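# Observations on chain architecture
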Amino acid sequence: MTTPALIIDFEATDVSKEAEATQLGYRNVVFENGELLPETVYNSLSQVSTPGYTVSCKPDRAISYGAMAVSHIMPEDVECSLNHKLKIPQYLPKGEAYIIGHNVDFDIQVAANAGVDVSQYKRICTQALARRMLPDLDSHSLGALTYAINPELAKQYCRNAHNAGYDVTFTLWLLEHLCELGNITSMEQLYLASEEARIPKVYGFGKHKGKSIKEMACHEVDRKYLSWTIDEVKDKPYLITACNAALSTIALLVWTKEVPTSALPLIATISNGDSYHVYYSTTAPKLYNAIKKVGGQLVDDAYFDTLLEAKAWCVKHFNIGAFPYE
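What you are looking at is a predicted structure, and each value in this text was computed from that prediction instead of being measured.

### Looking at the overall build of the protein chain
Of the regular secondary structure elements, the protein chain holds 13 helices and 10 strands. For 326 residues, the compact-globule estimate of 2.2 N^0.38 gives 20 Å, and the protein chain exceeds it by more than 25% at 26 Å. Dimensions of the protein chain, computed from the C-alpha atoms along their principal axes, are close to 85 × 45 × 40 Å. Looking at the protein chain as a whole, 44% of its 326 residues qualify as buried. A separation of at least 24 residues holds for 56% of the contacts in the protein chain among residues at least 6 apart in sequence. Of the roughly 17,200 Å² of accessible surface on the protein chain, a fraction of 52% belongs to carbon and sulfur atoms.

Printed below as a string of structure tokens:
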């Protein structure tokens, strides 16, 4: 039996982990002969309709003013709707399913808050895929991406953004574009691409926010912070995966001395005969000169203000195969 696949989007009471649904948009999708095909959606006149299916429900939590400003759903709009815990489980699949969303973790959390068993859902995040496949865009919000990939449709329909049914359709358009970009021809391939894209390349918070995780692994001090992250951060599994991968992939050099002087540099020699050197000099452009030699010949060098930066430059060169896109 084919595993069901569903694009979903929730409008909710707020953006917390306790958020409850006020509206659900959904649309089934499937790959046939390598092509992503959506379920045809009909309106009450049996004519093909642009948005996905949309259902409203009544939350137990108060709707925040911030949520009202985004979705324009007010308490009186859902007062006569069925409670979210009764309504949402009717529309989401039971057991294993591919669930697709833009920032899909939020949508699945809202489903779980409505009593849906989400334990077997395989999450596919179009936001993560877009950030990985379209890294140069200035925004990866669903609306911005819609304008980027199809400006004419965006101009016509994005005024309906934050209606769950329309957001599902915008997600579908984006998904079709991403599958074409990535030559993705099956739901499992799409899921695996999403899983890879969700593993961050840069650290996302704290004093190291914005730093390349692999670059951090080249610094002795920063490696300790990556190890701390693995031990202490419990709610970011993809970040943990990235930290583990960086620490296991990137090896430090073994230096012959602790402190370089102009006469006696730090030297690290590796098994193929290449060597790395760090010199200290008060007459150079910066205090520390990092050098790579192959067969005794200089092939690259750079100047740095600190010893740690110079050593990290050498470590990155030593592990250059770990940086295939840089």
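### So, the packing of helix 6 (residues 142-149) against helix 8 (residues 164-182)
Two quantities define a packed helix pair, namely the angle between the axes and the distance from one axis to the other. The N-to-C vectors of helix 6 and helix 8 enclose an angle of 50°; their axes lie 10 Å apart at closest approach. Accordingly, the angle class assigned to the pair helix 6 and helix 8 is oblique. In the packing of helix 6 onto helix 8, the handedness of the crossing is left-handed. For the pair formed by helix 6 and helix 8, the contact residues are L142, L145, T146 and I149 on the first element and D167, F170, T171, W173, L174 and H177 on the second. Here the residues of the contact of helix 6 with helix 8 sort into six nonpolar, three polar and one charged.

### Some thoughts on the pairing of strand 6 (residues 121-125)
Within a regular beta strand, the side chains point alternately toward one face of the sheet and then the other, so they alternate between its two faces. Counted residue by residue, strand 6 has four buried out of five residues, so it is predominantly covered. Relative to strand 6, strand 5 (residues 97-101) runs parallel, the two being bridged by five bridges. By the bridge assignment, I100 is partnered in strand 6 with I124. Crossover handedness for the path strand 5 to helix 4 (residues 104-113) to strand 6: right-handed.

### Some words on the pattern of salt bridges
For the structure on display, the rule yields nine salt bridges. Here D105 ties to R198 by a salt bridge, and the two come within 2.2 Å at their closest N and O atoms. Here D105 is found in helix 4, whereas its partner R198 is found in the loop between helix 9 (187-197) and helix 10 (213-217), with 93 residues between them in sequence. A residue is classified by how much of its surface remains accessible, and R198, at 12% relative accessible area, is buried. The shortest N-O distance in the salt bridge between E220 and K311 comes to 3.1 Å. Taken together, the positions of E220 in helix 11 (residues 220-232) and K311 in helix 13 (residues 307-318) put the pair 91 residues apart, joining distant regions of the chain. Look at K311 and you get buried, because its relative accessible area is 10%.

### A short note on unusual backbone geometry
A positive phi angle is found at H72, which is not glycine, with a value near 65°. The topology assignment puts H72 in the loop between helix 1 (65-71) and helix 2 (75-78). Among the residues examined, H72 registers a relative accessible area of 59% and is labelled exposed. At N183, a residue that is not glycine, the phi angle is positive and equals roughly 50°. For N183, the position within the fold is in the loop between helix 8 and helix 9.

### Quick notes on the side chain of S275
The residue S275 is located in strand 8 (residues 275-280) in this model. Relative accessible area serves as the criterion here: at 11%, S275 is assigned to the buried category. A distance of 2.9 Å separates polar atoms of two side chains, one belonging to S275 and the other to H277.

### Remarks on the packing of aromatic side chains
All told, the structure shown has 13 aromatic pairs when counted by the stated rule. With a centroid separation of 5.6 Å and 50° between ring planes, the pair formed by F170 and W173 is classed as tilted. Taken together, the residues F170 and W173, both in helix 8 and three residues apart, mark about one turn of the helix. Here the two residues F170 and W173 agree in accessibility, since each one is buried. The rings of Y157, Y166, F170 and W173 are connected pair by pair, giving a single aromatic cluster.

Thresholds, definitions, all that
- Residues numbered from 1 in each chain as written.
- Predicted model: local features only at pLDDT ≥ 70, side-chain atom pairs only at ≥ 80, totals over all residues.
- Heavy atoms only, no water.
- Helix = DSSP H or I, 4+ residues; strand = E, 2+ residues; numbered from the N terminus.
- Rg over C-alpha atoms; globule rule 2.2 N^0.38 Å.
- Buried < 20%, exposed > 50% of the residue type's maximum accessible area, 1.4 Å probe, protein only.
- Contact = heavy atoms within 4.5 Å.
- Areas by Shrake-Rupley, 256 points an atom, 1.4 Å probe, with all protein chains shown as cover.
- Axes fitted to C-alpha atoms, helices over the stretch in contact; angles between N-to-C directions.
- Parallel < 35°, antiparallel > 145°, perpendicular 65-115°, else oblique.
- Left-handed = near helix turned anticlockwise from the far one by under 90°.
- Nonpolar A, V, L, I, M, F, W, Y, C, P; charged D, E, K, R; others polar.
- Pairing = 2+ DSSP bridges.
- Right-handed = clockwise from strand over helix to strand, strands pointing away.
- Salt bridge = Lys/Arg side-chain N within 4 Å of Asp/Glu carboxyl O.
- Polar contact = N/O pair within 3.5 Å; in protein donor to acceptor, adjacent residues only side chain to side chain.
- Phe/Tyr/Trp six-rings, centres within 6.5 Å; stacked < 30°, edge-to-face > 60°.

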